[in-house]
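Residue-level listing of the chains:
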Amino acid sequence: MRIGELAAAIGVTTRTLRHYHHLGLLPEPERLPNGYRDYGLRHAVVLARIRRLTELGLGLAEVRDVLADDAGRELAEVLAELDDDLARQEQAIRERRARLRALLADAEAGRLPVEGPVSPELAALFGDLDRGSQGRPESPMAAKDREIIALLDTAAPPEERERLLSALGSFADEPGAVDRAHEAYALLDALVDADPGDPRVDEAAELLASCLPDSALDGLGIGSIEDAAGEQSFLRAFLDDFAPAQAEAIRRTMRLLVQRHAGGAR
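J.: Could you clarify how one ought to interpret the overall build of the protein chain in this entry?
T.: Scanning the protein chain from N- to C-terminus turns up 13 helices and zero strands. Counted from the first residue to the last, the protein chain has its helices and strands arranged as α-α-α-α-α-α-α-α-α-α-α-α-α. Out of the 266 residues belonging to the protein chain, those deemed buried represent 36%. In the protein chain, the share of contacts with a sequence separation of at least 24, taken over all contacts with a separation of at least 6, comes to 60%. As displayed, the protein chain offers around 16,200 Å² of accessible surface, 53% of which is attributable to carbon and sulfur atoms.

J.: Even after reading the chapter, I still don't get the pattern of salt bridges, so can you show me in this structure?
T.: Side-chain pairs of opposite charge can arise whenever the charged atoms involved come near each other. Under the definition given, this model contains 11 salt bridges. A salt bridge links Glu 121 to Arg 161; its shortest N-O distance comes to 3.0 Å. A residue pair is termed long-range when its members are at least 10 positions apart, and Glu 121 in helix α6 (residues 120-131) and Arg 161 in helix α8 (residues 158-173) qualify at 40 residues. You can call Arg 161 buried: its relative accessible area is 15%. In this structure, the salt-bridge partner of Glu 248 is Arg 251, at a minimum N-O distance of 3.5 Å. Of this pair, Glu 248 and Arg 251 both sit in helix α13 (residues 244-265), separated by three residues, roughly a single helical turn. For Arg 251, a relative accessible area of 23% translates into the label partly exposed. Overlapping salt bridges bring together Asp 202, Glu 248, Arg 251, Arg 252 and Arg 255 as one network.

J.: Can you help me understand the packing of helix α1 (residues 3-10) against helix α2 (residues 14-23) in this one?
T.: Helices that pack against each other are described as a pair by the angle of their axes relative to one another and the distance between those axes. Following both chains from N to C, one finds α1 and α2 inclined at 105°, their axes separated by 9 Å at the closest point. By the angle class used here, α1 and α2 are roughly perpendicular. Here α1 contributes Ile 3, Gly 4, Leu 6 and Ala 7 to the contact with α2, which in turn contributes Thr 14, Leu 17 and Arg 18. Tallied by class, the residues present in the contact of α1 with α2 amount to four nonpolar, two polar and one charged.

J.: What am I meant to see in the nonpolar core here?
T.: Most often, soluble globular proteins have nonpolar side chains that are buried together. Of all hydrophobic cores here, the largest spans 35 residues; its most connected members are Leu 122, Phe 171 and Leu 191. Secondary structure elements with two or more residues in this core: α6, α7 (140-155), α8, α9 (177-190), α10 (200-211), α12 (233-240) and α13. Counting residues per element, this core draws most heavily on α9, which supplies seven residues. Within the second largest apolar cluster, 19 residues are counted, among which are Leu 6, Leu 17, Tyr 20 and Leu 25.

J.: Could you clarify how one ought to interpret the packing of aromatic side chains in this entry?
T.: The geometry of an aromatic ring pair is captured by the separation of the ring centres together with the interplanar angle, meaning the angle of the planes. In this structure the tally under the stated criterion is zero aromatic pairs. Cation over ring: Lys 144 sits above Phe 242, and NZ or CZ is 4.8 Å from the ring centre.

J.: Whenever I open this one, α2 confuses me. Can you help?
T.: At 3.6 residues per turn, the α-helix brings residues three or four places apart onto the same side. Taken as a whole, α2 has its buried residues at Leu 17, Tyr 20 and His 21. Axial view of α2: buried residues confined to an arc of 100°, hence all on one face. Among the exposed residues of α2, those oriented more than 90 degrees off its buried face are Arg 15 and His 22. Elements that come into contact with the buried residues of α2 comprise α1, α3 (41-56) and α4 (60-67).

J.: Would you mind going over the environment of Gln 246 with me for this structure?
T.: Note on placement: Gln 246 falls in helix α13. Exposure remark for Gln 246: the relative accessible area of 6% places this residue in the buried category. Remark: the alpha-carbon pair of Gln 246 and Ala 194, spanning 52 residues in sequence, is separated by 8.3 Å. Residues in contact with Gln 246, not counting those within four places in the same chain, are Met 141, Leu 188, Asp 189, Leu 191 and Val 192.

J.: Mind showing me how you'd approach the packing of α9 against α10 here?
T.: At a closest axis distance of 9 Å, the pairing of α9 and α10 adopts a crossing angle of 155°. Considering their axes alone, α9 and α10 lie roughly antiparallel with respect to each other. For the element pair α9 and α10, the recorded crossing hand is left-handed. Residues Ala 177, Arg 180, Ala 181, Glu 183, Ala 184, Leu 187, Leu 188 and Ala 190 of α9 lie in contact with α10, whose contacting residues are Arg 200, Glu 203, Ala 204, Leu 207, Leu 208, Ser 210 and Cys 211.

About the thresholds
Counting of residues starts from 1 at the beginning of each chain's written sequence and follows it residue by residue. Only residues with pLDDT of at least 70 get local features here, since the model is predicted, and only at 80 or more are side-chain atom pairs given and counted; chain-wide, interface and lining totals rely on the full set of residues. Side-chain metrics in this entry use all non-hydrogen atoms of the structure; hydrogen atoms and water are not considered. Starting at the N terminus, helices and strands are each numbered in turn, a helix being any DSSP run of H or I of at least four residues and a strand any DSSP run of E of at least two. Here's how the labels work: a residue is buried when its accessible area is under 20% of the maximum for its type, exposed when over 50%, partly exposed in between, all with a 1.4 Å probe on protein chains only. Contacts are assigned to residue pairs with any non-hydrogen atoms lying within 4.5 Å of each other. Only the protein chains shown count as cover for residues, and the accessible areas themselves come from Shrake-Rupley with a 1.4 Å probe. Any carboxyl oxygen of Asp or Glu that lies within 4 Å of a side-chain nitrogen of Lys or Arg is treated as forming a salt bridge with it. Fitted lines through C-alpha atoms give the axes, limited to the stretch in contact for helices. The angle between two N-to-C directions lies from 0 to 180 degrees. Angles are sorted into four bins: roughly parallel if under 35 degrees, roughly antiparallel if over 145, roughly perpendicular if 65 to 115, and oblique for all others. Any residue that is not Ala, Val, Leu, Ile, Met, Phe, Trp, Tyr, Cys, Pro, Asp, Glu, Lys or Arg is counted as polar, Gly included; the first ten are nonpolar and the last four charged. Side-chain atoms within 4.5 Å link the members of a nonpolar core, which is a set of buried Ala, Val, Leu, Ile, Met, Phe, Trp, Tyr and Cys residues. Think of it this way: a Phe, Tyr or Trp ring, Trp meaning its six-membered ring, pairs with another when their centres are within 6.5 Å, and the plane angle makes it stacked under 30 degrees, edge-to-face over 60, tilted otherwise. Comment: the charge-over-ring label is applied if NZ (Lys) or CZ (Arg) is within 6 Å of the ring centre and within 35 degrees of the ring normal. As used here, the arc is the angular range of directions from the helix axis to the C-beta atoms. Throughout, a crossing is termed right-handed when the near helix is turned clockwise from the far one, and left-handed when it is turned anticlockwise from it by less than a right angle.

So this is what it looks like as structure tokens:
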């Protein structure tokens, strides 16, 4: 048989068949005097087995183990591993569907955060903060703050994410913290077209720093910030997203927090 005939007989493409040759799954046949490959029944048997195994969900490396005489693994062992893997996938799908059902329920009740789906822990914190800010005009700075928190909740390593959520929880529990935060947001909103030397920059920085309780400083890793002006690439990108006076207020806030943390550590 020619390569196209074998591929058609087993229901694969010639490209797939050549890939199996490249990986060593299917032995190369002898070639005819004209250079064409000459496939026999044994190649068809092996190719059909490869197809059956891949349709079960085995990866090509696992298929190689099954086919190799010296692999030291029985087909039953490989299939048992595949079954375990499928069970894990089923569990993950069930968990994702449960999360989707909860999000749909929140959407129907009007509780879905505008940032879209976030972790259940962050959704609960956002809900607490929303209840404390009902009746206030919408603040562009508050919306940006939530976007950044949602970004960190998604991208931060597990340990840092736990620290962030703990710090936010401490903030939400602090009496008057939400009110002070919205005062700070209003000040920062007013700085959108201001000069970095505007006296309101210091006022906004002091108010922002006062929003964060001492119990949350360690949770945010304030002590690890060596340069409050920010040399880290993420911090530079973070500050570049603000107007100049707003960015300066945030830099000064970070300096105040570093000084506060250093004083508390003595």
